Protein chains: 2
Amino acid sequence: MNLLLLTSDDLVPPDRACIRDSRRLRHLHEIHRATVGEELTVGMSNAGVGRARLLELERDRALFEIIHLDHLPPPALPIHLLLALPRPRMLARSLENIATMGVKRLTLLHTARVEKSYWQSPELQPERIDAHLRLGLEQARDTVLPTVDIQPRFKPFIEDQLPDAIIGHRALLAHPGIGESCPRGLPMDQGVTLAIGPEGGFIPFEVEKLQAMGFEGIHLGPRILRVETAVVSLLSRLF
Amino acid sequence: MNLLLLTSDDLVPPDRACIRDSRRLRHLHEIHRATVGEELTVGMSNAGVGRARLLELERDRALFEIIHLDHLPPPALPIHLLLALPRPRMLARSLENIATMGVKRLTLLHTARVEKSYWQSPELQPERIDAHLRLGLEQARDTVLPTVDIQPRFKPFIEDQLPDAIIGHRALLAHPGIGESCPRGLPMDQGVTLAIGPEGGFIPFEVEKLQAMGFEGIHLGPRILRVETAVVSLLSRLF
């Protein structure tokens, strides 16, 4: 945690914040080993980054004086990530990585090789998704929560919603062995939609469907990466 | 596991292999759900990649007929990775990622911000390191085990061994906020040594020491990544 991410619920007007949840308190106590009087980097959800001074630190609460919150968070990546729903543990880490790397728009999608049981995972509860995203933002000193859109049906999403979503975007389909090598250093002012399949990949029908819509196939070479690794690798190559 | 990695101990001359360890058997039974008669991709440690047919599958053994082992594993990255020893759980995942991405030379190094307790972790036992590397290789369909060199003392390693190790290499020091943005798409015929610090980074003394030896500072922008994410991100940008 390189930034303590505050929400409006934490605010004590005019210029204080009080946190009471075990996750952030445990971090302050055990990892950061914060001491009263110390200044920390803080951020307000979907707003600025700044500094706060720790005024009181108890087992069940921490009180801060907010010094300022007037810096911008780091720039976002101009990407809409379309990710086949990964297995639950991999989803958790992927959400953290996605938030850390600056993705602001994520669609979790069903595809033929996504196990149906994954859709019942508690990791898909909004509060769990939110917690993973916040961890990722705190790592990167970001404050802007990605929006996460859940699409448990492939065809209706692809046919009814995706065509509008990719207007003006460069649409890329990451799939081992197809198309060109993943491009590098894309301009930050060009929207990109990037589709990443599940373990085992998209099936041929899905690849054809996406290619017919204008998705360009890209690959990362002969090595097959785990989904969570592929996400980081693709984002790092593209931007 | 996209390849079943065999060792010479598994071989039953002239053309069979028998595996008996719980990790690979569990994978065959539970994840791959292999059936007798099926062909699988196999590889021999530090040698070729090929195909084998499953002849018998029991709870405690699997017997294969090796069809061939004459393909080359994917090309290696021309990099020597110098990694400050991460916390044990992060070490495990980093070892897998490093092997998956094609790093063949890894030095795990002590630096001022590496907690001393990490050096007592069971994850540093050679058989644990080997197991994580094998998992990573099997993911990438590689067979060539990285060499891992353990250096629990910073100064003697930096002063006595590193100068020779970087001869002919481009030496890069990944550190937030210094130098240039991480270069992209380096040639595969130029050796690179890449130093990556611990959580919290290298201390100024260490940065100066490495820079004085010719290491160029590089960074990945304003977002601070976890070590395991930074490793993947840097390798993906560099090559």
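Structure first, text after, so check above.
Presented here is an overview of the structure given in this document. Because the structure is a prediction, the values reported are computed rather than measured.

### Regarding the overall build of chain A
Right, so step 1: Within chain A one finds 6 helices and 13 strands.
Right, so step 2: By its C-alpha atoms, chain A is 60 × 40 × 35 Å across when sized along the principal axes.
Right, so step 3: Out of the 239 residues belonging to chain A, those deemed buried represent 54%.
Right, so step 4: The long-range fraction of contacts in chain A, counting pairs at least 24 apart against all pairs at least 6 apart in sequence, stands at 69%.
Right, so step 5: Just so you have it, chain A exposes about 10700 Å², and 51% of that area is on carbon and sulfur atoms.
Right, so step 6: Taken as two groups, the 28 positive and 30 negative side-chain charges of chain A have centres that lie 5 Å from each other.

### Some points on the layout of surface pockets
Right, so step 1: Estimated volume of the second largest pocket: approximately 370 Å³.
Right, so step 2: Taken together, 17 residues make up the lining of the second largest pocket; nearest its centre are Leu 77 and Phe 239 of chain A together with Leu 220, Gly 221 and Arg 237 of chain B.
Right, so step 3: Those elements that provide at least two residues to the lining of the second largest pocket are helix 6 (227-238) of chain A together with helix 6 (227-238) of chain B.
Right, so step 4: For the lining of the second largest pocket, the per-class residue count stands at 10 nonpolar, 4 polar and 3 charged.

### Topic: the pairing of strand 3 (residues 16-19) of chain A
All names here are of chain A.
Right, so step 1: Summarising the sheet, strand 2 (residues 11-12) and strand 3 pair through 2 bridges and their orientation is antiparallel. In the strand pairing of strand 3, Leu 11 is matched with Ala 17.
Right, so step 2: With antiparallel pairing between neighbouring strands as the criterion, strand 2 and strand 3 make up a hairpin whose turn holds 3 residues.
Right, so step 3: Inspection of the sheet shows strand 3 paired to strand 6 (residues 62-71) by 4 bridges, in the antiparallel sense. Within the sheet, the bridge partner assigned to Ala 17 lies in strand 6 and is Phe 64.

### Side note on the sheet that holds strand 12 (residues 192-196) of chain B
All names here are of chain B.
Right, so step 1: Overall, parallel pairing links the 7 strands, which are arranged 9-8-7-12-10-13-11 in an open sheet. Of all the strands in the sheet, the pair left with one neighbour each is strand 9 (147-151) and strand 11 (180-181).
Right, so step 2: The sheet contact formed by strand 8 (residues 105-109) and strand 9 spans 5 bridges and is parallel. When the bridges of strand 9 are listed, Arg 105 appears paired with Thr 147.
Right, so step 3: Helix-sheet contacts for helix 4 (residues 154-165) involve strand 7 (79-84), strand 8, strand 9 and strand 12, and the interaxial angle to strand 8 is about 160°.

### So, the interface of chain B and chain A
Right, so step 1: The partner chain A presents 27 residues to the 27 residues of chain B that form the contact.
Right, so step 2: Buried surface at the junction of chain B and chain A, both sides included, amounts to about 2500 Å², of which 49% is carbon and sulfur.
Right, so step 3: For chain B, the biggest contributors to the area lost against chain A are Arg 223, Ile 224 and Arg 226 of chain B; these three give 27% of the whole.
Right, so step 4: In this assembly, chain B and chain A are joined by 4 salt bridges.
Right, so step 5: The shortest N-O distance in the salt bridge between Glu 96 of chain B and Arg 226 of chain A comes to 3.4 Å.
Right, so step 6: Across the contact surface, chain B and chain A share 22 residue pairs in polar contact (both at pLDDT 80 or more).
Right, so step 7: Those elements that place two or more of their residues in the side of chain B that touches chain A are helix 2 (88-101), helix 3 (126-140) and helix 6 of chain B.

### Considerations on empty space enclosed by the protein
Right, so step 1: Under the counting rule described, the total for this entry stands at 2 cavities of 30 Å³ or more.
Right, so step 2: When its volume is computed, the largest cavity comes out at roughly 80 Å³.
Right, so step 3: Along the walls of the largest cavity sit Asn 97, Arg 226, Glu 228, Thr 229 and Val 232 of chain A together with Arg 93, Asn 97, Arg 226, Glu 228, Thr 229 and Val 232 of chain B, which together make up its complete lining.
Right, so step 4: The set of elements that each furnish at least two residues to the lining of the largest cavity consists of helix 6 of chain A together with helix 2 and helix 6 of chain B.
Right, so step 5: Along the lines of polarity and charge, the residues of the lining of the largest cavity split into 2 nonpolar, 4 polar and 5 charged.
Right, so step 6: In this structure, the second largest cavity occupies an estimated 30 Å³ of space.
Right, so step 7: Together, Leu 82, Leu 83, Ala 84, Leu 109, Ile 158, Ala 195, Ile 196, Phe 202 and Leu 210 of chain B line the second largest cavity.
Right, so step 8: Contributing elements (two or more residues each) for the lining of the second largest cavity: strand 7 and strand 12 of chain B.
Right, so step 9: It is strand 7 of chain B that contributes the most residues to the lining of the second largest cavity, 3 residues altogether.
Right, so step 10: Residue composition of the lining of the second largest cavity, grouped by class: 9 nonpolar, no polar and no charged.

### A few points about the state of the cysteines
Right, so step 1: Enumeration according to the criterion identifies 0 disulfides over all chains in this entry.
Right, so step 2: Residue Cys 182 of chain B stays outside any disulfide, its sulfur separated by 14 Å from that of Cys 182 of chain A, the closest cysteine.

Thresholds, definitions, all that
Residues numbered from 1 in each chain as written. Chains lettered and ligands numbered in written order. Predicted model: local features only at pLDDT ≥ 70, side-chain atom pairs only at ≥ 80, totals over all residues. Heavy atoms only, no water. Helix = DSSP H or I, 4+ residues; strand = E, 2+ residues; numbered from the N terminus. Buried < 20%, exposed > 50% of the residue type's maximum accessible area, 1.4 Å probe, protein only. Contact = heavy atoms within 4.5 Å. Areas by Shrake-Rupley, 256 points an atom, 1.4 Å probe, with all protein chains shown as cover. Lys, Arg positive; Asp, Glu negative; His and termini not counted. Charge placed at Lys NZ, Arg CZ, Asp CG, Glu CD. 1 Å grid on protein atoms, 1.4 Å probe; cavity = no way out; pocket = protein on both sides within 12 Å on 5 of 7 lines; lining within 4 Å. Points joined across faces, edges and corners; volume = space filled by probe spheres on them. Nonpolar A, V, L, I, M, F, W, Y, C, P; charged D, E, K, R; others polar. Pairing = 2+ DSSP bridges. Axes fitted to C-alpha atoms, helices over the stretch in contact; angles between N-to-C directions. Buried area = accessible area lost by both parts, 1.4 Å probe. Salt bridge = Lys/Arg side-chain N within 4 Å of Asp/Glu carboxyl O. Polar contact = N/O pair within 3.5 Å; in protein donor to acceptor, adjacent residues only side chain to side chain. Disulfide = S-S within 2.5 Å.

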